[in-house]
Amino acid sequence: VAPGSAGQVPAALLERLRRTQSEFQVLQQQAFKIGRESKDNAELVRHPEMSEYLTTVREFNPKLESIVGEFEREYRRATGKKIPKSKKAKKGKAKSEHDEGWYEAALARARAALAEDSRAYRSRAMDLVSTFHERQQQMADRQRDLQLMMDGPDWPREGW
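The model shown is predicted, which means the values in this text are computed figures rather than measured ones. (Residues numbered from 1 in each chain as written. Predicted model: local features only at pLDDT ≥ 70, side-chain atom pairs only at ≥ 80, totals over all residues. Heavy atoms only, no water.)

Asks: Got a sec to walk through the overall build of the protein? Specific residues and values, please.
Replies: Along its length, the protein carries 5 helices and 0 strands. Listing each helix as α and each strand as β along the protein from the N terminus yields α-α-α-α-α. Looking at the 160 residues of the protein, the share that counts as buried comes to 9%. Within the protein, counting contacts between residues at least 6 apart in sequence, those at least 24 apart form 52% of the total. (Helix = DSSP H or I, 4+ residues; strand = E, 2+ residues; numbered from the N terminus. Buried < 20%, exposed > 50% of the residue type's maximum accessible area, 1.4 Å probe, protein only. Contact = heavy atoms within 4.5 Å.)

Okay, here's the thing in structure tokens:
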């Protein structure tokens, strides 16, 4: 297939991509070097090569955006379609059919349990509150046991 025809990226664009990639690798190596030579963030800010590195990164960004634009145009020329914009990932857990099925099942179990219990509302509410307090007490007991294990009998006490 001849360069420039549908299905192949022009050689000049590929060469530009290779040069941009090598520039990026140089920047990355410089960042690693600065990071290795700095012990913490305060020292990182005062590093003598940091200003030059930031300037180079700022100059690199427009080059990168330019080559991305060129590849998007080349893609559009070759396929006749626009590149679909990527969607931002949603924070939190993605919903699935399994989640919805679980919710419906739990709701059905809760309704069945309510239908079986013929006691007055006040009695059921007090039962739920006492169960809640009992589980809170069990958790507090577990935490106290863990704290005693962590403190241990051989650990020095501060209140001497």
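That was the structure; now back to the text.
Asks: With reference to specific residues and values, describe a positive patch on the surface.
Replies: Positive charge collects at one region of the surface, where Arg73, Arg76, Lys82 and Lys85 lie side by side. Relative to the helices and strands, Lys82 is located in the loop between α3 (50-79) and α4 (97-116). (Patch = residues over 30% accessible without salt bridge, like charges linked within 9 Å, V, L, I, M, F, W, Y side chains within 5 Å. Areas by Shrake-Rupley, 256 points an atom, 1.4 Å probe, with all protein chains shown as cover. Salt bridge = Lys/Arg side-chain N within 4 Å of Asp/Glu carboxyl O. Lys, Arg positive; Asp, Glu negative; His and termini not counted. Charge placed at Lys NZ, Arg CZ, Asp CG, Glu CD.)

Asks: Mind laying out helix α1 (residues 11-37), listing which residues take part and the relevant values?
Replies: Compared with an ideal rise of 1.5 Å per residue, which puts 27 residues at 39 Å, α1 spans 39 Å between its outermost C-alpha atoms and is within 8% of the ideal. What α1 keeps buried is the set Leu13, Thr20, Leu27, Gln30 and Ile34. (Expected span 1.5 Å × (residues − 1).)

Asks: How would you sum up the pattern of salt bridges? Please name residues and give values.
Replies: Within this structure, the stated rule accounts for 9 salt bridges. With its nearest N and O atoms 3.7 Å apart, the salt bridge here joins Glu15 to Arg18. In this pair, Glu15 and Arg18 are both assigned in helix α1, 3 residues apart and thus about one turn of the helix distant. Residue class for Glu15 comes out partly exposed when judged on its relative accessible area of 37%. Residues Glu23 and Lys63 are paired through a salt bridge, measuring 3.2 Å at the closest nitrogen-oxygen approach. Of the two residues, Glu23 sits in helix α1 while Lys63 sits in helix α3, which places them 40 residues apart along the sequence. Owing to a relative accessible area of 32%, Glu23 belongs among the partly exposed residues under this scheme. Under the relative-accessibility criterion, Lys63 is labelled partly exposed at 39%. Sharing partners across several salt bridges, the network here consists of Lys33, Glu37 and Glu49.

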